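# Coordinate analysis (summary)
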Amino acid sequence: MEKTIGWHFDNSYVRLPSIYYSELSLHPVHLPKLVLLNEDVATSLGLDIQALQGEEAVAVFAGNKVPKGGEPIAQAYAGHQFGHFNMLGDGRALLYGEQITPLNERYDIALKGSGRTPYSRGGDGRAALGPMLREYIISEAMFALGIPTSRSLAVVTTGESIYRETEQPGAIVTRVASSHLRVGTFQYAAHWGTDEELQRLADYALERHFPNDYGEQNRYLHLLQEVIKQQASLIAKWQLVGFIHGVMNTDNMTISGETIDYGPCAFMDTYDPATVFSSIDRQGRYAYGNQPNIGGWNLTRLAEALLPLIHEDQETAIQLAQDVLQQYPQLYVQNWLRGMRAKLGIFNEEQEDKDLIEELLQLMQQYKADYTNTFIALTFGQFDESSLFNSSAFKDWYQKWLARLARQQQTKDMSQQLMRQYNPAVIPRNHRVEEALEAAVEQGDYNVINKLLKVLAQPYAHTKEQQEYASLPEPCSQPYRTFCGT
Ligand code: AMP
Ligand code: MG
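Here is a short report on the structure shown in this document.

Cut-offs applied
- Residues numbered from 1 in each chain as written.
- Chains lettered and ligands numbered in written order.
- Predicted model: local features only at pLDDT ≥ 70, side-chain atom pairs only at ≥ 80, totals over all residues.
- Heavy atoms only, no water.
- Helix = DSSP H or I, 4+ residues; strand = E, 2+ residues; numbered from the N terminus.
- Rg over C-alpha atoms; globule rule 2.2 N^0.38 Å.
- Contact = heavy atoms within 4.5 Å.
- Areas by Shrake-Rupley, 256 points an atom, 1.4 Å probe, with all protein chains shown as cover.
- Lys, Arg positive; Asp, Glu negative; His and termini not counted.
- Charge placed at Lys NZ, Arg CZ, Asp CG, Glu CD.
- Near = heavy atom within 4 Å.
- Polar contact = N/O pair within 3.5 Å; in protein donor to acceptor, adjacent residues only side chain to side chain.
- Nonpolar A, V, L, I, M, F, W, Y, C, P; charged D, E, K, R; others polar.
- 1 Å grid on protein atoms, 1.4 Å probe; cavity = no way out; pocket = protein on both sides within 12 Å on 5 of 7 lines; lining within 4 Å.
- Points joined across faces, edges and corners; volume = space filled by probe spheres on them.

## A look at the overall build of the protein
The number of helices and strands found in the protein is 17 helices and eleven strands. The C-alpha radius of gyration computed for the protein amounts to 23 Å, which stays within 12% of the reference 23 Å derived for 486 residues, consistent with globular compactness. Over its C-alpha atoms, taken along the principal directions, the protein stretches across nearly 65 × 60 × 45 Å. Put simply, of all contacts in the protein between residues at least 6 apart along the chain, 72% involve residues at least 24 apart. For the protein, the computed accessible surface area is about 21,300 Å², with 48% contributed by carbon and sulfur atoms. Side-chain charges of the protein comprise 41 positive and 58 negative groups, with the mean position of each set lying 3 Å from the other.

## What to know about the site of ligand 1
Ligand 1 sits among 17 residues. The nearest are Gly89, Gly91, Asp124, Gly125 and Asn252. Residue Gly89 places a main-chain N or O atom 2.6 Å away from an oxygen atom belonging to ligand 1. In the environment of ligand 1, an oxygen atom lies 3.0 Å from a nitrogen or oxygen atom belonging to the side chain of Asn252. Starting from 490 Å² of accessible surface for ligand 1 in isolation, the protein chains cover 87%. Classifying every residue of the shell around ligand 1 by side-chain character gives two nonpolar, seven polar and eight charged.

## Considerations on unusual backbone geometry
The phi dihedral of Phe82 falls on the positive side, at around 50°, and the residue is not glycine. Tracing the sequence through the fold places Phe82 in the loop between strand S4 (78-81) and strand S5 (84-87). For Arg121, which is not glycine, the phi dihedral falls at a positive 50°. In this fold, Arg121 is placed in the loop between strand S7 (106-112) and helix H3 (129-144).

## Looking at the layout of surface pockets
Empty space among the atoms becomes visible once a probe the size of a water molecule is rolled across them. Estimates place the volume of the second largest pocket at around 690 Å³. As for the second largest pocket, its lining consists of 27 residues, and the residues nearest its centre are Asn373, Ile376, Ala377, Asp384 and Ala470. Within the residue set of the lining of the second largest pocket, elements represented by two or more residues are helix H11 (371-380), helix H12 (387-390) and helix H17 (467-470). Here the element with the most residues in the lining of the second largest pocket is H11; it accounts for five residues. A breakdown of the residues in the lining of the second largest pocket according to their chemical character gives twelve nonpolar, eleven polar and four charged.

By themselves, these observations are geometric and do not establish any function.
Dropping the structure here:
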């Protein structure tokens, strides 16, 4: 007899008004096979690792069987996609419910690629293996980097082909998130729901994510303020590691402050604020350097959706919301500066730190330096013969930096310790990710991906083994491109 898996569902989302979701029936796949299982995530969810490899669990990961206590739904939401408002919803995702962990935390257990839903529009509801493995790799790397994110519990192949530009093996990822509430969920509520339905959603979000005491404060303004805080912190963390989300539509921005929706995302190699990887982002709306502003734009959409709850008089509501919204740029910069200071081994604050940081970034851009490796070189004081490090402008900057470090109490050793904790030795470099995906998808060889996952799991370990993963790709005539909705 198989050991029990350990499902422990309590599905609060289905207790919301029915406009927020559609009940789903399953679309079983032909021949599911487990190819990746995240033991770390499984354990924290209170699930049995051995049982998760059994037939029953694999059927759950494939969308062939509802887990005990699960109630499959697709969530309804709207969103601004590249600035255009649309009705969306889970077109290829299925939420089984919320797993209550041994520590009494609540996590959504959802599938992506599990078949059509009432929100699929023209899509097939399915996903290809490469992009699902990619989501697994990048989300795990983000987690290890200390960045709030959804995680991946498992990937199964379906035994079926799906058709994109070419025929591809189908796959399903099981995604775990503290919720899938999005800015777009509130836009949907404001657009198609009654004020009461909107209020139910806002109360739900407060209870689920920000249950702390907000005293006399207007609770919906408090909700807005908390999401602003979370997103200011999240986007600063993206910028600090050079992560480019690629599709910051309002439906892909969470209320919890977790990163979700790993479609066309990628990490920047050469520092350049204009970096874009997504093939469909032709205007560079979601370029690296634009992410903080887009965060603000999206939060303004959330504020608009919440207006009827903030105050019955619209003018007053707008004024109150604006007062909160205008804190976002400052909050973002504070978070970013704190992180940048740490990356440079700086403990205390000086007014001029921002100039020192920006000067370094400008030099990186001018000399086309690798973002991650420049900080690693500074951390270990090992400078190669690159044009940046050989330039007299860098040498001047370096002296200024040393003088800055000398103006704090902490020793050089302490600075280095700090820098080691904030400057990753490895990021999921695009050529490494592609190599791992190719081995898995083309040859069914999961050794490369498993080795990559292991290295990415400890980005701040600075081991010898990682050095190989810090090397840059061979110069390539074509820029790296990523794809959405794949
Ligand atoms: P995304 O930009 O990946 O967040 O996707 C935008 C919307 O398109 C979401 O509502 C998705 O559920 C939907 N979608 C993406 N791919 C598919 C697909 N293959 N079939 C159905 N819906 C999809
Ligand atoms: Mg999405």
